[in-house]
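Remarks on the overall topology
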Amino acid sequence: MKDIREKAVLSAAFIIVLAGVVMTFALHRPPKALGENAPPAKASAARAMKHVKALASRSRPTGSPGHERGFTYIVSQIASMGVALETKELFHVEDGKAYYLRNIIAVLKGTDTNAKAVCLAAHYDSVPFGPGAADDAAGCAVLLETMRALKQQAVTRDVVFLFADGEEGYNPGSGTKGAMLFAESHPLMSNIGFILNFDCRGSRGPVYMYETGPTNASVIPILASSGVRSFTSSLMASIYGSMPLGSDFTRFANKGVSGWNFAFTDRLQHYHTARDTPENLSIDTLTHSLDYTAGILARLNASLPRTSAELHYFDIAGLVVVHYPSFISPLLTVGGWIALAFLVFLCRKRLDRKAIVASFAGSIGVFAVITGITLGITAVLYLFRSFYLVYSSVPIATGLYMIAFGIYLRFSKSGTASVLAFSLVWGVLSVVFLFFMPGGNYLFVWPFLGSLILFAVDTFGNVQRIVSVLVRAIIAFAVILLWGGILLALHETLTCIFVFLTAGVFAIICGSFVPFIGGRQRGFAAMISIVLGALLAAGGTVFFRFSPEEPYFTSLVYTLDRDTGNAAWYSALTSDAWTSRVIPPGSAAKRVDAFVPYEKGVYPSAKAPVAALPEYSLSGARTGDVTRMTIRYRDYDYIVLTDDGGTITEAFLDGRRLPFRDGKFILRMIGRPRVEPVLTVRAAGAVRLRAIAHRYTLPENAGLSPMPADMMMLCNTPDFNKRLLKSGETMVKKTFVCAP
């Protein structure tokens, strides 16, 4: 009878723990999309997806034909709805770059003239090498569909719609310029009280609210009471705030505006690539963004919560957002340590100090072993196989977690000393996070308190083992719901590359709360878990094949020197089956700084046929030591100018002073100005300017065969390619001289 009862309780414990796991995976997803037949006042993702398809028919880098087409489409859609519209043209010079941008701004007037406005923001430009369906045609579609729905109803406060230009950047610090100029100079900015920004780092999955700006005191309660299934965490805000990253939202936050910054991150392998297409964008994810918008705007129409305290917050499987003042976190942490000290004092005569120290050291050791093994495996795969393999492989991720689980089973111990040791681990981590990343303290302090309950039950409860197992399972259920969503979010955002961080935590959770049978079954289960995990990871590696869905990065650049009449191919990567047709294996590596100023690297290169490419010009006249030149490059996407003669002492572009570097000025002009720009320079001698005009594509008449379907061009944003040499471009160099 005892064995039957014990098996029944163990089965119940297993079901409880399994329920937590199933709930975590089942609920960690966006809501289902509404069709086009949704009520007019209700935003529909099916209607929004039409905007995505229209905008993402081709790439939209600032200044490109696709960008102009996207601008025209958004303006026409707003005009057709009869909403007040402004297209703000912007000219900005910063750090050797001149930006010619156009923001699109629309305003729906509210009934309460005293209420602060709310701004909805997304950017309509894209990277050059992908159509940008998720990044950020999806955000623009959310704004357009929300605008249409709001036109059917009264709104309390003004709603400002900002379709920002110039968010994407080739180099660190070169993006988010449209939002920056709006935040710094537009008259509407003075009345904006809240900001909702929509962007992404993937193409599907739940939408996360990961940043609130200067204060979260009011915005988190609004989100929590919006009625939307919300996925959020103050840990996300802490992590993002500690990284050298930024978005359009950052520009508003820098001006003291708080709000909600949204992004979805699943399928990172599509981000900033040619695979960011409407077909790969999840319509359910689009629905989630629309739900957030509708819920928050409806809540903003009601009375706002009155609170000034900063909050720590987290969701439970997207069902509820828990939040409390941040000062509660140190109280919980200190209270936990006091409770732990009290419990230890009460049972001091029954505790084996050596066993406790050994268990604590063993827990840390298991964490270190798991971290080291998973880090080593992912590093080898990333460096020697493919980033795509590591980003997208479910078998590898599952295998690594199974290995971590097996290591825990093999080396961890059971018993009261082990429970106390894990309490110490959770307690120490709660203190560490309280000081260094306070927004994540909740992930450790609540398990810390749960582990104290287990310790008390095991030590003072005089209960049978089966009762202890059942209590452990119930607490495990709560901890799984607490941790499950953030583990999935971190995996989606950071991918397998950072499994070494989450696998260790996974082991600590298993060691603290999940009830397992000891003895021989424990060792056997450990062996099975490690072997199966290794087979999964190895199988995911060996059987991985590049495909149109998971392509191989390639790199090719075409250069034409108008001064010499020579053309050449360059590649930023090693030769592959496609590039070897124009750059044979063993080709000499050459410098490319004639076309890419300040690039010091050498790259495989080979002679190329001279393609028929459009002309561009710098023309003007000189009066004394001042030369004025009109720059014409309309058949190119952007142009770079640099002073080769070293005689220029001052330079101005349309009246804006240009900075100098190493005694020379260098200028990159981004976007296409409405009026041809004028460069004015002052020089002691002859003016000698080197101009490099760029196109975001390779020439069609240079004898290049089509790229294979299982390849795509290396992306040029800093997250993929930090080199000054960018892939997939055509560069045409020409020297212009103006003598005294």
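The rules behind the values
Residues numbered from 1 in each chain as written. Predicted model: local features only at pLDDT ≥ 70, side-chain atom pairs only at ≥ 80, totals over all residues. Heavy atoms only, no water. Core = buried A, V, L, I, M, F, W, Y, C linked by side-chain atoms within 4.5 Å. Buried < 20%, exposed > 50% of the residue type's maximum accessible area, 1.4 Å probe, protein only. Helix = DSSP H or I, 4+ residues; strand = E, 2+ residues; numbered from the N terminus. Salt bridge = Lys/Arg side-chain N within 4 Å of Asp/Glu carboxyl O. Axes fitted to C-alpha atoms, helices over the stretch in contact; angles between N-to-C directions. Parallel < 35°, antiparallel > 145°, perpendicular 65-115°, else oblique. Left-handed = near helix turned anticlockwise from the far one by under 90°. Contact = heavy atoms within 4.5 Å. Nonpolar A, V, L, I, M, F, W, Y, C, P; charged D, E, K, R; others polar.

On to the nonpolar core, then. One finds Phe-161, Phe-163, Trp-260 and Trp-483 to be the most contacted residues of the largest nonpolar core, which totals 119 residues. In terms of residue count, helix α4 (residues 133-150) provides more of this core than any other element does, 12 residues in total. Formed by 45 residues, the second largest nonpolar core is a distinct cluster that contains Tyr-100, Leu-556, Leu-667 and Val-681.

Moving on to the pattern of salt bridges. Evaluation of the coordinates by the stated rule reveals 20 salt bridges. For Asp-266, the salt bridge is made with Arg-267, and the minimal N-O distance between the two is 3.2 Å. Using a relative accessible area of 33% as the deciding quantity, one classes Arg-267 as partly exposed. When the shortest N-O distance is used, the salt bridge between Lys-734 and Glu-615 registers 3.8 Å. Of this pair, Lys-734 sits in strand β26 (residues 730-738) while Glu-615 sits in the loop between β15 (602-608) and β16 (617-623), placing them 119 residues apart in sequence. Under the relative-accessibility criterion, Lys-734 is labelled partly exposed at 24%. Through salt bridges with shared partners, a single network forms among Asp-625, Glu-650, Arg-657 and Arg-682.

Attention now moves to the packing of helix α10 (residues 328-346) against helix α14 (residues 416-436). Close contact between α10 and α14 brings their axes to 10 Å; oriented N to C, the two are set at 155°. The angle between the axes of α10 and α14 places the two elements in the roughly antiparallel class. When you trace α10 past α14, the crossing you get is left-handed. For the pair formed by α10 and α14, the contact residues are Ser-329, Pro-330, Thr-333, Trp-337, Leu-340 and Val-344 on the first element and Leu-420, Ser-423, Leu-424, Gly-427, Val-428, Ser-430, Val-431 and Leu-434 on the second. Across the contact of α10 with α14, the residue classes break down as 9 nonpolar, 5 polar and no charged.

Our focus in this paragraph is the environment of Arg-350. The residue Arg-350 is located in the loop between α10 and α11 (353-384) in this model. According to the relative accessible area criterion, Arg-350 is exposed, its value standing at 53%. Put simply, Arg-350 and Thr-459 are 109 residues apart on the chain and 8.8 Å apart in space, counted from C-alpha to C-alpha.

Cis geometry is found at the peptide bond from Asp-135 to Asp-136, where omega equals 5°. Summarising the element assignment, Asp-136 is placed in helix α4. You will see that Arg-267, though not glycine, has its phi angle at about 70°, which is positive. In this fold, Arg-267 is placed in the loop between β8 (258-266) and α9 (283-300). A positive phi angle is found at Ala-317, which is not glycine, with a value near 55°.

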